[in-house]
Amino acid sequence: MDPKLFYQCNDCNAVLLELNGTLTQYCNHSQTLLAPNTVDAAKEKHLPVLVFSDHQLQVKVGSIPHPMTTDHSILWIFVQTRNGGQYVQLTPEHPPEAFFTVESLDVIRVYAYCDVHGLWMVNNAELDYEEIVCSPEFPQGCIE
């Protein structure tokens, strides 16, 4: 079952985040729960791809970069962690990616929101990422 995190206002289209079981009210209109990955669109342009390096997480939206135009772009990326989450707002002038300071084991889900195709998410069980793991126990120091 997907968590109930994001809702969209039925009047102004604002996307709202539920924190600790409480929906933060932006307006007095009714809201609809957003279900990730339900729009029929190219997954290769919408699903977040994660690249971990030390304590940095780079989130790229799409294995094929998502377009970033005024009519069609990724508006934000949210990394849900065991301790809460981190959010980055994007604009059409920037690439569809963001950097976060987070431990890879703390990441639960990563969300991206397309203004045309809605909410997209990868969860911990299906993360698509490239990881470099370093430890003194490894003879070479790091493995990829």
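Residues numbered from 1 in each chain as written. Predicted model: local features only at pLDDT ≥ 70, side-chain atom pairs only at ≥ 80, totals over all residues. Heavy atoms only, no water.

What about the side chain of His46?
With respect to the helices, strands and loops of the structure, His46 is situated in the loop between strand S4 (31-33) and strand S5 (48-53). Taking relative accessible area as the criterion, His46 reaches 3% and is therefore assigned buried. Ignoring anything within four residues of it in the chain, the contact list for His46 reads Ala41, Val61, Gly62, His66, His72, Ala112, Cys114, His117 and Trp120. (Helix = DSSP H or I, 4+ residues; strand = E, 2+ residues; numbered from the N terminus. Buried < 20%, exposed > 50% of the residue type's maximum accessible area, 1.4 Å probe, protein only. Contact = heavy atoms within 4.5 Å.)

Looking at the pairing of strand S8 (residues 84-89)
Pairing of strand S7 (residues 74-81) with S8 involves six bridges; the strand directions are antiparallel. Each bridged residue has a counterpart across the sheet, and for Val79 the counterpart in S8 is Gln86. (Pairing = 2+ DSSP bridges.)

Description of the nonpolar core
Leu57, Val59, Ile74, Ile77, Phe100 and Val110 are the most contacted members of the largest nonpolar core, which totals 18 residues. If you list the elements that add at least two residues to this core, you get S5, strand S6 (56-61), S7, strand S9 (97-101) and strand S10 (107-114). Looking at which element gives the most residues to this core, the answer is S10, with four residues. Those residues in contact with Leu57 that lie beyond four places of it in its chain are Leu50, Val51, Phe52, Val79, Ala98, Phe99, Phe100, Val102 and Val107. In this structure, Phe6, Leu34, Leu119 and Met121 belong to the second largest nonpolar core, which totals nine residues. (Core = buried A, V, L, I, M, F, W, Y, C linked by side-chain atoms within 4.5 Å.)

So, the environment of Leu34
Considering the arrangement of structural elements, one finds Leu34 in the loop between S4 and S5. Classification of Leu34 as buried rests on a relative accessible area of 15%.

Considering the packing of aromatic side chains
This model, assessed by the stated rule, comprises six aromatic pairs. Consider the rings of Trp76 and Tyr87, whose centres lie 6.1 Å apart with planes at 45°: the pair is tilted. One end of the pair, Trp76, is in strand S7; the other, Tyr87, is in strand S8, and 11 residues separate them in sequence. By relative accessible area, Trp76 is classed as buried at 8%. (Phe/Tyr/Trp six-rings, centres within 6.5 Å; stacked < 30°, edge-to-face > 60°.)

Focus on the confidence of the model for the protein
On average, residues of the protein score 82 in pLDDT, and 76% of them reach the 70 mark or higher. Confidence, read as mean pLDDT per element, is least for strand S12 (residues 129-131) in the protein (48) and greatest for S9 (96). (pLDDT = per-residue confidence, 0-100.)

Here we look at the sheet that holds S10
The strand order across the open sheet built from four strands is S8-S7-S10-S11, with neighbouring strands paired in antiparallel fashion. The sheet is open, and its two edges are formed by S8 and strand S11 (118-123), each paired on a single side. Taken pair by pair, the neighbouring strands of this sheet meet at an average axis angle of 15°, ignoring direction. (Axes fitted to C-alpha atoms, helices over the stretch in contact; angles between N-to-C directions.)

Considering the environment of Gly62
Here Gly62 is to be found in the loop between S6 and S7. The exposure class of Gly62 is buried, given its relative accessible area of 7%. Separated by 17 residues in sequence, Gly62 and Lys45 place their C-alpha atoms 4.0 Å apart.

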